[in-house]
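Listed below are the residues making up each chain.
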Amino acid sequence: MSWVNRFAGWFFVPVPLARVAVFRLIAYLFIPVDVFVTTRWVAAHAGVPTEYYQPLLIGDWLSLPTPTTAVVDTVKWLLIGSALLAATGKAPRIWGTTTFLLYFEWMVIAMSYGKVDHDRYAFLVALAVLPTIGVARWRDKRRSEAAGFAVAVIFIAVMLTYFLAAWAKIRFGGWDWVNGSTLTRAVLRRGTDLSTWTLDVPGLLHVSQYLMLGFELLSPLMLLVRRDRARIALVIFLLGFHLMVFAGVRIIFLPHVVALLSLVPWERFQLHRQPPEVIPRSDDLAPAAS
Amino acid sequence: MVAVTDRETTEQDAAAEVVHLTAGERLIRLVIAAAILTLTLVGTVVSDDEAFPFGPPRMYATRADPDAPVSSTRVVGLTDDGVEVRLSGGEVGLRRAEFEGQVPRLVENPELLGLLAVTYAANHPAAPPLEAVAIIVRRYELDDGVRTGSYVYDVLVTYPIPDPEGSP
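Since this is a predicted model, take the numbers as computed values, not measurements.

Comments concerning the overall build of chain A
- A tally of regular secondary structure across chain A gives 13 helices and two strands.
- Scaling as 2.2 N^0.38, a compact globule of 290 residues should have a C-alpha radius of gyration of about 19 Å, and chain A matches this with 21 Å.
- Taken along the three principal axes of its C-alpha coordinates, chain A extends 60 × 50 × 45 Å.
- Burial statistics for chain A: of 290 residues in total, 42% are counted as buried.

Shown next as structure tokens:
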């Protein structure tokens, strides 16, 4: 019985409400950025002939409407309105739920034209669980088991994005994936000035494939990271990886990166109102410097 | 400057009040999470992209043969003067990868390419009309994973746009 309690307990370790209040604002304000700046091609589907629409299984099962110009534009503006309302933090269960449902439909519109992206599983999970937290304010000093559950499942979703990517490589590419030329192919097709030199260094991209698969297979270990500074270090490491990939092949898992930010103990960064009497120890600054 | 002290995430502010969940609220959360996790794992193991959002995250999961050429697909429109206009860079609302995902279907039903000429004309009213739409593949040669510098063009399909009714 005790191991059941300990397992269940991992999901409900209380997390400060102020932490999820900050993350929630970031997540909901990211949606207009996603729609209008970083993933503009989704809205462009409004003008695509509907003959090019190739419904996903979920679109068939739920009989979701064919994305005509009117459907795409309506979903877009409802989503933006809902996300901005959710960002205010008022009625978080209602606006959080409508935002999740509309963003989900937005993703169905995005992925139904012959190409499915894999950069937003954790972000979708985040949008799904944020409404379950209820009211959370920036200065709320209380900790909440509901908030703890939300952060725990977003963390698992982040981890699964890496771990299941390794699974997919072994499933589709075979164990010999590491000895293929997948990265060479990626740099040839999408390379930048910062990455094309790697094509002329024999073995470099080959070794990188071993490192990538190794990291992805070990990713479940990240769930053991519990201390605040270790979590900040983990987030910085993962952000570094995604920035490196972006510099090399112009692919950034931006919604996934936003979901990563749920691991940051934001409430610790809020400015203390009393004047600091103690000079921070030098090692307190270490994560920011590394 | 903000000091981040090193405390266990789980053991901070022990004095702070904790908002608890009831046993029922915990149970429903765990049951739904287990269902989503199961769908995700099953989707990754047996399904594919059409199972979104539960399909396998198969970005770059396919093993590329170090000696097979690297293909890069483009969809282009051809004007009367023989000028190539790129259509696979968002000009008609679709990305290159989306065209690549639909290439077999487009080769089988080239009349679908004709629809792009209409969309292109609507998006670019000042541009000269397209006479044909084609799918072109450029294949870069690799030798043991290293590019040799040579490539070949391959036109997969060309669809001439039918003249509008009544024009000479």
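Some words on the overall build of chain B
- When you go through chain B residue by residue, the secondary structure sums to three helices and five strands.
- Starting at the N terminus and walking to the C terminus, you meet the elements of chain B as β-α-β-β-α-α-β-β.
- Per-residue burial for chain B yields a buried fraction of 21% across its 168 residues.
- A fraction of 57% describes how many contacts in chain B between residues 6 or more apart in sequence connect residues 24 or more apart.

Quick word on the domain arrangement of chain B
- By the assigned domains, chain B splits into domain 1 (21-62) and domain 2 (70-160).
- The C-alpha centroid of domain 2 of chain B is placed 36 Å from the C-alpha centroid of domain 1 of chain B.

Side note on the interface of chain A and chain B
- Facing the 69 residues of chain A at the interface are 61 residues of chain B.
- Of all the secondary structure elements, the ones that give two or more residues to the side of chain A that touches chain B are α1 (2-11), α3 (41-44), α4 (57-61), α7 (121-129), β2 (143-144), α8 (145-173), α9 (182-190) and α11 (228-249) of chain A.
- Tallying contributions element by element places α8(A) first for the side of chain A that touches chain B, with 14 residues.
- Looking at side-chain class alone, the side of chain A that touches chain B contains 37 nonpolar, 14 polar and 18 charged residues.
- The pairing of β2(A) with strand β1 (residues 18-19) of chain B spans two bridges and is classified as parallel.

Things to note about the environment of B:Ala23
- With respect to the helices, strands and loops of the structure, B:Ala23 is situated in helix α1 (residues 23-46).
- With 46 residues separating them along the chain, B:Ala23 and B:Pro69 place their C-alpha atoms 58 Å apart.

Quick notes on the sheet that holds strand β1 (residues 15-16) of chain A
- With mixed pairing, the three strands of this open sheet are ordered in space as β1(A)-β2(A)-β1(B). Edge positions in the sheet fall to β1 of chain A together with β1 of chain B, since each has one partner strand and no second.
- As defined by bridge partners, β1(A) adjoins β2(A) across two bridges and the pair is classed as antiparallel. Across the sheet, A:Pro16 pairs through a bridge with A:Arg143, a residue of β2(A).

Focus: α11(A)
- End to end, α11(A) covers 32 Å across 22 residues, agreeing with the expected 32 Å (1.5 Å per residue, within 8%).
- Taken from the residues just after α11(A), A:Arg250 is the one with a positive phi, measuring 55°.

Concerning the packing of helix α5 (residues 69-87) of chain A against helix α6 (residues 92-111) of chain A
Residue and element names in this part refer to chain A.
- The contact between α5 and α6 brings their axes to 8 Å, and the two run at 150°. α6 is crossed by α5, and the crossing has left-handed handedness. Residue-level contacts link Val72, Val75, Leu78, Leu79, Ser82, Ala83, Leu85 and Ala86 of α5 to Pro92, Trp95, Gly96, Thr98, Thr99, Leu102, Tyr103, Glu105, Trp106 and Ile109 of α6.
- Grouping the constituent residues of the contact of α5 with α6 by class yields 13 nonpolar, four polar and one charged.

What about the packing of α8(A) against helix α10 (residues 204-218) of chain A?
Residue and element names in this part refer to chain A.
- In contact at an axis separation of 7 Å, α8 and α10 are set at 125° when each is read in the N-to-C sense. Between α8 and α10, the angle falls in the class oblique. Note on packing geometry: the crossing formed by α8 with α10 is left-handed. Between α8 and α10, the contacting residues are Tyr162, Phe163, Ala165, Ala166 and Lys169 on the first element and Leu213, Glu216 and Leu217 on the second.

Focus on the pairing of strand β2 (residues 70-79) of chain B
Residues and elements named next belong to chain B.
- Here 10 bridges tie β2 to strand β4 (residues 130-143), and the two strands are oriented antiparallel to one another. For Ser71, the partnering residue across the bridge sits in β4 and is Arg139.
- In terms of strand pairing, β2 meets strand β3 (residues 84-86) through three bridges, oriented antiparallel. In the strand pairing of β3, Gly77 is matched with Val85.
- Taking the residues that link successive antiparallel strands as the turn, the β2-β3 hairpin has four residues, and the phi of Gly82 there is positive, at about 80°.

Some points on the confidence of the model for chain A
- Across chain A, pLDDT averages 90, with 93% of residues at or above 70.
- Counting contacts from residues 282-290 of chain A, a segment whose pLDDT is below 50, to residues more than four positions away or on other chains yields eight contacts.

Concerning the nonpolar core
- Core analysis: the largest hydrophobic core is formed by 78 residues, its most contacted members being A:Val20, A:Ala126, A:Ala150, A:Ile154 and A:Ala157.
- Sorting elements by how many residues they give to this core places α8(A) first, with 19 residues.
- When sequence neighbours within four positions are dropped, the list of residues in contact with A:Ile154 reads A:Ala122, A:Val125, A:Ala126, A:Val129, A:Ala259 and A:Ser262.
- With 15 residues, the next largest nonpolar core counts A:Tyr52, B:Val75, B:Leu113 and B:Leu130 among its residues.

Here's the deal with unusual backbone geometry
- Of the consecutive residues B:Phe52 and B:Pro53, the connecting peptide bond is found in the cis state with omega at 5°.
- Note that B:Pro53 resides in the loop between α1 and β2.
- The residue A:Ala91 is not glycine, and still its phi comes out positive at about 45°.
- Phi is positive for B:Tyr60, close to 55°, though the residue is something other than glycine.
- Looking at the secondary structure, you find B:Tyr60 in the loop between α1 and β2.

A closer look at the sheet that holds β4(B)
- The sheet built from four strands is open, its strands ordered β3-β2-β4-β5 (chain B) with antiparallel pairing. In the strand order of this sheet, the two ends are held by β3 and β5 (146-160) of chain B, each with one partner. Across the sheet, the mean angle from the axis of one strand to that of its neighbour is 35°, orientation sign disregarded.
- In this fold α9(A) packs onto β2, β4 and β5 of chain B, with an angle of close to 25° to the strand it touches most, β2(B).
- Sheet strands touched by helix α3 (residues 111-123) of chain B: β2, β4 and β5 of chain B. Its angle to β4(B), the strand with the most contacts, is close to 110°.

Basis of the calculations
Residues numbered from 1 in each chain as written. Chains lettered and ligands numbered in written order. Predicted model: local features only at pLDDT ≥ 70, side-chain atom pairs only at ≥ 80, totals over all residues. Helix = DSSP H or I, 4+ residues; strand = E, 2+ residues; numbered from the N terminus. Rg over C-alpha atoms; globule rule 2.2 N^0.38 Å. Buried ≥ 20, exposed ≤ 12 C-beta atoms within 10 Å, placed from the backbone. Contact = placed C-beta atoms within 7 Å. Domains from an automatic or database assignment. Nonpolar A, V, L, I, M, F, W, Y, C, P; charged D, E, K, R; others polar. Pairing = 2+ DSSP bridges. Expected span 1.5 Å × (residues − 1). Axes fitted to C-alpha atoms, helices over the stretch in contact; angles between N-to-C directions. Left-handed = near helix turned anticlockwise from the far one by under 90°. Parallel < 35°, antiparallel > 145°, perpendicular 65-115°, else oblique. pLDDT = per-residue confidence, 0-100. Core = buried A, V, L, I, M, F, W, Y, C linked by C-beta atoms within 7 Å.

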